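Report on the structure
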Amino acid sequence: MKLLEELKLKNVTFKNRIAFPPMTTGYGGGNGVHDDLFAEQSIGFYERLAKGGVAYVVIGDVPTCNSLPASRSKLTSEDYIPKYRMLADRLHKYDCKLGLQFFVAEFEVSRFLELMTEGKMAEARALMHGYDYPLYVSKEGIKEMIDGTAQAAVWAHEAGVDVIQIHGDRFNGVLLSSKLNTRTDEYGGSLENRMRFALETVRAIKERCPEIAIEYKFSLRTVNPDGSIRVNGGLELDEALIFAKELEKAGVEMLHVAQANHTSQNEDTMPPMGVQPYGFSTAKYLDALRQAVDIPLCAVGRIINPYTVEAILEDGMADMVSLGRSLLCDPDFVNKYAEGKMDEIRQCISCNKGCLDSVMVGTFCQCSLNPENGYETVRQIGKAETKKKVAVVGGGMAGMEAARVLALRGHDVTLFEKAYRLGGQVNIAAVPPRKFEMRRAIDYYERVLPKYGVDIRLGCDAAKEDLSAYSDAVVATGATNMIIPVPGHDENYVFSAWDVLDGKSIVFGNVAVIGGGLVGAETAEFLAGIGARVTIVEMLPTIAKDEGVTVRPTLMKDLNDHKVEMLVNTRLLKIEDRKIYCEVTEGEDKSERVIPVDFVVMAVGAKGYKAELPGFKGNIYYAGDCADERPSDISHATKSAYDVACSI
């Protein structure tokens, strides 16, 4: 099995071929901008990856020059050596190698701090996102950056760091770009000039610290399905092949081949489900680079399935595979693979809800499917002191997760589900465009629950069963779709969004979707995709306002492409004679609008449903949507179920 084979890089030997890429986590109170790498939350996360069998962990965005105060993970003086040594020791305990991704910001940090101090926030934000600093920084300033990076490499080596990864985006990415770099000196113009800064940085590290291995984050401008070039920073393939050869000559020992970012949108490098193909930044680019250089290549980019990882390595496409979101989802990916338990690997669904979207709004990574992610030091499954017979009522995400954790803790678990399939709301959430990948969440539990000894009873209503043999019950019966009780809500052409997505109700022609939240927007997208003429009616000013920043742009584009009419600030008044009557608010003015319909679909939210267990005298616990007045998402379901199961 190639995945488990060693890989040698200079004087470093990786015990297997799996790495964790540089990723902003927000751990340690990093506010979603820069992490406090040395906080226990952060250290606990990286140590958990090492414990799970990962061979190589790269810490992202380590500044080697003047940086923002929020970056508490810099390496700008020897004072940081003890901290990095502590981190290296924690990983080395599991024979996991440590890499630091050195970067120089693409904006002028001193000026940014001045503007912040002066309270000129708009100018500060414009500076951060302008990407023009590399164009006017002096040659003396460039030399200082290179010297600072070389010195940081010396300190890293003294701290026990194994590899330096040079960030190919940021300052580098702007200078490399034929589109962004407009300098007229020796750092601009020709490819030879545009790659000068990167090569001088590599040579400086080699000269000052020849012992340390160097990896380069090789940032490519990849091609969209329509033939357009994605992002502005980095290099297109023809120039990238020349650059790769020069990096190899300069002494780089491995290329981390990735989609360029930091001059684009985040969905370019961490695309949500269905937006980019699997391995979108690998196949043809790796093959071309393999012909150009002899040094190892590391692949990254929506690589999820363990069999795919093995195929990439066995076919020689890459020598190492870097898994980001997949290791958040299951940090034991490697150990399970080594033990022949591939079916027990929890596979990422690329939802971006807990990881990237959380960081983007200023919190921290916390995988929707893995309740322990981000909480590695406080959430662990331990054996129960007393084995109990526990009934779990409901086979949605909360019920399945509760059953899994209860079984791993040693309890005797029976899962009752009214329907004839597991999954609950995920079964309908997986229906709209791009959402089919959510099925992987259900597939995981269908594989592991029987293996862990859970007795699954489908088509079985627990309320009608004799539960006297059980000492405890976890009720996880989810939520029900709400209907607005306006006049006409009970007409025979009015259905719930849940029933439409579940295939119980079929609609066509002119369809009004009442509610423009995520469920309403996705239902509209689904119906428009199968030929319906759809109008969304939403009381608020924004459609899908709570959708994440990496998902919403694609959703809105698809709605517009399908010519879905989106009415905001619009309230449904009544349904009558196959028409809907609405009140439209524009400023202080209100007007009525009448829309002919063939069908009306209600998507106005959900309410928790707590199943009754008549006569049950044991302890009852609630998990997931039914535990709260306002239903939430998968992340809430799995976390609440995990915590409840650990308390029994």
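Residues numbered from 1 in each chain as written. Predicted model: local features only at pLDDT ≥ 70, side-chain atom pairs only at ≥ 80, totals over all residues. Heavy atoms only, no water.

1. Concerning the sheet that holds strand β25 (residues 619-622)
Rules: For two strands to be treated as a pair, DSSP must find no fewer than two bridges joining them. Where helices and strands are cited, they refer to DSSP runs of H or I of at least four residues and of E of at least two residues respectively, numbered from the N terminus. Think of each axis as a best-fit line through the C-alpha atoms, taken over the contacting stretch in the case of a helix, with angles from 0 to 180 degrees between the N-to-C directions.
If you trace the five strands from one edge of the open sheet to the other, you get β13-β12-β11-β14-β25, paired in parallel fashion. Where the open sheet ends on each side, the last strands, each with one partner, are β13 (455-458) and β25. Each adjacent strand pair in this sheet contributes to an overall mean axis angle of 20°, direction not counted. Note that strand β12 (residues 412-417) and β13 share four bridges and pair parallel. Within the sheet, the bridge partner assigned to L415 lies in β13 and is I456.

2. Here's the deal with the pattern of salt bridges
Formally: Salt bridges are defined by distance alone: a side-chain nitrogen of Lys or Arg within 4 Å of a carboxyl oxygen of Asp or Glu. Burial classes follow relative accessibility: with a 1.4 Å probe on protein chains only, a residue under 20% of its type's maximum area counts as buried, one over 50% as exposed, and anything between as partly exposed.
Under the criterion given, the structure shown has 42 salt bridges. Salt-bridge contacts for R379 lead to D643; the nearest nitrogen and oxygen are separated by 2.8 Å. Note that R379 is positioned in the loop between α15 (356-360) and β11 (389-393) and D643 in helix α22 (residues 634-647), a separation of 264 residues in sequence. What makes R379 buried here is its relative accessible area of 12%. Linking E583 and R571 is a salt bridge whose minimum nitrogen-to-oxygen distance equals 3.2 Å. Taken together, the positions of E583 in strand β21 (residues 579-586) and R571 in strand β20 (residues 570-576) put the pair twelve residues apart, joining distant regions of the chain. If you follow the salt bridges from partner to partner, you end up with E40, E47, R90 and K93 in one network.

3. Side note on the environment of M602
Residue position: M602 is located in strand β23 (residues 599-602). For M602, a relative accessible area of 0% translates into the label buried. Put simply, M602 and M270 are 332 residues apart on the chain and 33 Å apart in space, counted from C-alpha to C-alpha.

4. Structural notes on the packing of aromatic side chains
Operational definition: We call Phe, Tyr and Trp rings a pair once their centres come within 6.5 Å, taking the six-membered ring for Trp, and we label the pair stacked below 30 degrees between planes, edge-to-face above 60, and tilted otherwise.
This structure, assessed with the given rule, holds 15 aromatic pairs. For the ring pair F20 and Y46, a centre distance of 6.4 Å and an interplane angle of 70° mean the geometry is edge-to-face. Here the residue F20 occupies a position in strand β3 (residues 18-20), and Y46 occupies one in helix α1 (residues 40-51), the gap between them amounting to 26 residues. The same class applies to F20 and to Y46, which are both buried. Measuring from ring centre to ring centre gives 4.9 Å for F38 and Y84, while their planes differ by 85°; the resulting arrangement is edge-to-face.

5. As for the side chain of N352
Heads up, the condition is: Contacts: residue pairs with any heavy atoms within 4.5 Å of one another.
Positionally, N352 belongs in the loop between α14 (333-338) and α15. Taking relative accessible area as the criterion, N352 reaches 1% and is therefore assigned buried. Excluding residues within four positions of it along the chain, N352 makes contact with M270, P271, P272, R325, D357 and T550.

6. Thoughts on helix α21 (residues 552-561)
Let me state the cut-off plainly: Arc definition: directions from the helix axis to the C-beta atoms.
The complete set of buried residues in α21 reads L555, M556, D558 and L559. In an axial view of α21, the angular spread of the buried residues amounts to 160°, which keeps them on one side of the axis. Tucked inside the fold, the buried residues of α21 contact α20 (518-529), β18 (533-537) and β19 (565-567). A positive phi of about 55° marks K563, the residue just after α21.

From the geometry alone we can't say anything about function, so treat these as descriptive.
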